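Structure at a glance
The primary structure of each chain is shown beneath.
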Amino acid sequence: MLKQQEDEQVTEQPGSTLARDVALYTLARLGMLAAATALLLVFQVPLLVAVAVAVVLVMPISMLVLGSLRRRVATGMAERAERRRAQRDELRAQLRGERDEDDQ
């Protein structure tokens, strides 16, 4: 049981990194959207049109500019999904009676 708690503490660290990376990626994309919208507004483009055009422009640009951060987020999400899948499988095995909690 103590080993399981230690493992959970070790696996919690990547989750905090994932949350930070997702927040950074989101803020970076919103910042790029705001900058593109502001640039279009300087050229007297109406607000709704400027936002719509900025959304379309920022999508591919963010893929190029924020590529490494996007890959870190995708990797972190895949790792987290794999951990959750393993935990779910372990729980199902315990519920079926195939494994005891002490066997770990």
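Residues numbered from 1 in each chain as written. Predicted model: local features only at pLDDT ≥ 70, side-chain atom pairs only at ≥ 80, totals over all residues. Heavy atoms only, no water.

Points about the side chain of serine 62
Mapped onto the elements, serine 62 comes out in helix H2 (residues 47–65). Once residues within four sequence positions are removed from consideration, serine 62 is found in contact with Tyr25, Arg29, Met32 and Gly67. (Helix = DSSP H or I, 4+ residues; strand = E, 2+ residues; numbered from the N terminus. Contact = heavy atoms within 4.5 Å.)

Observations concerning the environment of leucine 24
Here leucine 24 lies in helix H1 (residues 2–42). Given a relative accessible area of 41%, leucine 24 falls into the partly exposed group. As for leucine 24 and arginine 70, which are separated by 46 residues in sequence, their C-alpha atoms are 9.8 Å apart. (Buried < 20%, exposed > 50% of the residue type's maximum accessible area, 1.4 Å probe, protein only.)

Examining unusual backbone geometry
Of note in the backbone geometry, glutamine 44 takes a positive phi value of approximately 65 degrees without being a glycine. Within the fold, glutamine 44 resides in the loop between H1 and H2.

Quick notes on the nonpolar core
In terms of nonpolar packing, the biggest core is built from five residues, these being Ala36, Leu40, Ala50, Ala54 and Val58. Of all the secondary-structure elements, those providing two or more residues to this core are H1 and H2. Ranked by residue count, the leading element in this core is H2, at three residues. Discounting residues that sit within four places of it in the chain, leucine 40 has contacts with Val45, Ala50, Val53 and Ala54. (Core = buried A, V, L, I, M, F, W, Y, C linked by side-chain atoms within 4.5 Å.)

Here's the deal with a positive patch on the surface
On the surface, Arg80, Arg84, Arg88 and Arg92 cluster together into a patch of positive charge. Along the chain, arginine 88 turns up in helix H3 (residues 67–96). Residue arginine 88 is classed as partly exposed on the basis of its relative accessible area of 38%. (Patch = residues over 30% accessible without salt bridge, like charges linked within 9 Å, V, L, I, M, F, W, Y side chains within 5 Å. Areas by Shrake-Rupley, 256 points an atom, 1.4 Å probe, with all protein chains shown as cover. Salt bridge = Lys/Arg side-chain N within 4 Å of Asp/Glu carboxyl O. Lys, Arg positive; Asp, Glu negative; His and termini not counted. Charge placed at Lys NZ, Arg CZ, Asp CG, Glu CD.)

A look at the environment of leucine 33
Along the chain, the position of leucine 33 falls in helix H1. Measuring from C-alpha to C-alpha, the distance between leucine 33 and alanine 50 comes to 9.8 Å, with 17 residues separating the pair along the chain. Those residues within four positions of leucine 33 in sequence are excluded, and the remaining contacts are Val51, Ala54, Val55 and Val58.

Describing the pattern of salt bridges
This model, assessed by the stated rule, comprises four salt bridges. Of the charged contacts in the structure, one is a salt bridge between arginine 20 and aspartate 21, with a shortest N-O distance of 3.4 Å.

Quick word on a nonpolar patch on the surface
A cluster of nonpolar residues, Leu41, Leu47, Val51, Val55, Val56 and Met59, forms a patch on the protein surface that exposes about 480 Å² of accessible area. The biggest single contributor to the nonpolar patch is H2, with five residues.

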